[in-house]
Amino acid sequence: MNTLPSKRASAARPLTAVAALIALFTLGNALVAGCGGKSDQGTDSNSTQAQNTTPAPESAMATPAVADGAKIYAEKCSVCHGAGGKGDGPGGAALNPHPRDHTEGSYMNTRTDDQLLEVIHNGKGNMPAWKTILSDEEIKAVLQHVRSLAVPPYKG
C-alpha cells in the first residue's frame, strides 16, 4: 500500500512538467511578440495611414501624442496589459504578479508621471525596460495613452 502514493506522485510529475513547459512557451511567445525591437518602418505619413485601417478610440484622438501612444501600446504593451489596459493580455496570464490594470483609476491616479515614466523606462518585476527600444518621445506618448485609460480619468 506504500507504493500507491509514490505511483500517484510519479504519474503527476509529467503533467506538472508539461504544464510548466506550456507556461514557459506561452510567456516566451508573448515576450517575443510584444517586446520586439524598434520598428524600422518609413516615416511617410501616407503609408502609415494607409496601413492603419481601424479607427483609433475616441480617447486616443485627443492629441497626436495619445494617438501615437495608443499605437505603440497596441504593438508593445497589449500582449501583457491587454488591448483595453485591464492587465488581461494573453502574455500576462502566466505572469505573477499579473500586469497592472491601467484602467484602475484608484491606483493609477495616485502615481505621478515621473513614477510611471520610471517604470516604463527601467521596467519593474516581469515588465521589461523600454528605454533601449523606445525613444523618449515614444515613451511619453505611451504614458499619455496610459493616462487616458484610467477610470475615473486622471486630472493631473
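The structure displayed is predicted, hence computed values, not measured ones. (Residues numbered from 1 in each chain as written. Predicted model: local features only at pLDDT ≥ 70, side-chain atom pairs only at ≥ 80, totals over all residues. Heavy atoms only, no water.)

Novice: Requested: an account of the packing of aromatic side chains, with residues and values cited.
Specialist: For the structure on display, the rule yields zero aromatic pairs. Geometry around Tyr-107 places Arg-100 over its ring, the cationic atom sitting 3.8 Å from the centre. A cation over a ring is seen here: Arg-147 above Tyr-154, with NZ or CZ 3.5 Å from the ring centre. (Phe/Tyr/Trp six-rings, centres within 6.5 Å; stacked < 30°, edge-to-face > 60°. Lys NZ or Arg CZ within 6 Å of the ring centre and 35° of its normal.)

Novice: Explain the packing of helix α5 (residues 113-122) against helix α6 (residues 136-149) residue by residue, including any values.
Specialist: Direction vectors running N to C along α5 and α6 enclose 120 degrees, while the axes themselves pass 10 Å from each other. The orientation of α5 relative to α6 falls into the category oblique. The two elements α5 and α6 cross, and the hand of that crossing is right-handed. Seen from α5, the contacting residues are Asp-113, Leu-116, Leu-117, Ile-120 and His-121; seen from α6, they are Asp-136, Ile-139, Lys-140, Val-142, Leu-143 and Arg-147. (Axes fitted to C-alpha atoms, helices over the stretch in contact; angles between N-to-C directions. Helix = DSSP H or I, 4+ residues; strand = E, 2+ residues; numbered from the N terminus. Parallel < 35°, antiparallel > 145°, perpendicular 65-115°, else oblique. Left-handed = near helix turned anticlockwise from the far one by under 90°. Contact = heavy atoms within 4.5 Å.)

Novice: Lay out the nonpolar core in plain terms, naming residues and giving numbers.
Specialist: Within the largest apolar cluster, 16 residues are counted, with the highest numbers of intra-cluster contacts made by Tyr-73, Ile-120 and Val-142. Those elements giving two or more residues to this core turn out to be α3 (64-81), α5 and α6. Excluding residues that lie within four positions of it along the chain, Ile-120 makes contacts with Met-127, Pro-128, Ala-129, Trp-130, Lys-131, Ile-139, Val-142 and Leu-143. (Core = buried A, V, L, I, M, F, W, Y, C linked by side-chain atoms within 4.5 Å. Buried < 20%, exposed > 50% of the residue type's maximum accessible area, 1.4 Å probe, protein only.)

Novice: Describe the environment of Leu-117, naming the residues involved and giving the relevant values.
Specialist: By the secondary structure assignment, Leu-117 is in helix α5. When the C-alpha positions of Leu-117 and Ile-139 are compared, they lie 7.4 Å apart, and in sequence the two are 22 residues distant. Excluding residues that lie within four positions of it along the chain, Leu-117 makes contacts with Ile-139, Lys-140 and Leu-143.

Novice: Residues and numbers for the packing of α3 against α6, please.
Specialist: Put simply, α3 and α6 touch, their axes get as near as 7 Å, and they point 90 degrees apart. On the basis of the axis angle, α3 is roughly perpendicular to α6. Taking contact as the criterion, the partners of Ala-65, Val-66, Asp-68, Gly-69, Ala-70, Ile-72, Tyr-73 and Cys-77 in α3 are, on α6, Glu-138, Ala-141, Val-142, Gln-144, His-145, Val-146, Ser-148 and Leu-149. Partitioned by chemical class, the residues of the contact of α3 with α6 number ten nonpolar, four polar and two charged. (Nonpolar A, V, L, I, M, F, W, Y, C, P; charged D, E, K, R; others polar.)

Novice: Residue-level account of unusual backbone geometry, with values.
Specialist: Residues other than glycine predominantly adopt negative phi, and peptide bonds predominantly adopt the trans conformation. The linkage connecting Asn-96 with the following residue, Pro-97, adopts the cis geometry, with an omega of 5 degrees. Within the secondary structure, Pro-97 is located in the loop between α3 and α4 (105-108). Across the junction of Val-151 and Pro-152, the peptide omega takes the value 0 degrees, indicating a cis bond. Topologically, Pro-152 is positioned in the segment after α6.

Novice: Describe in detail α3, supporting the description with residues and values.
Specialist: Helix length check: α3 (18 residues) gives 22 Å between terminal C-alpha atoms against 26 Å at 1.5 Å per residue, more than 12% under. At Glu-75, α3 is deflected by roughly 50 degrees, the largest bend along its length. For α3, the set of buried residues is Val-66, Gly-69, Ala-70, Ile-72, Tyr-73, Lys-76, Cys-77, Ser-78, Val-79, Cys-80 and His-81. Remark: Gly-82 follows α3 within two positions and exhibits a positive phi of approximately 85 degrees. (Expected span 1.5 Å × (residues − 1). Bend = angle between axes of the 7 residues up to and from the residue.)

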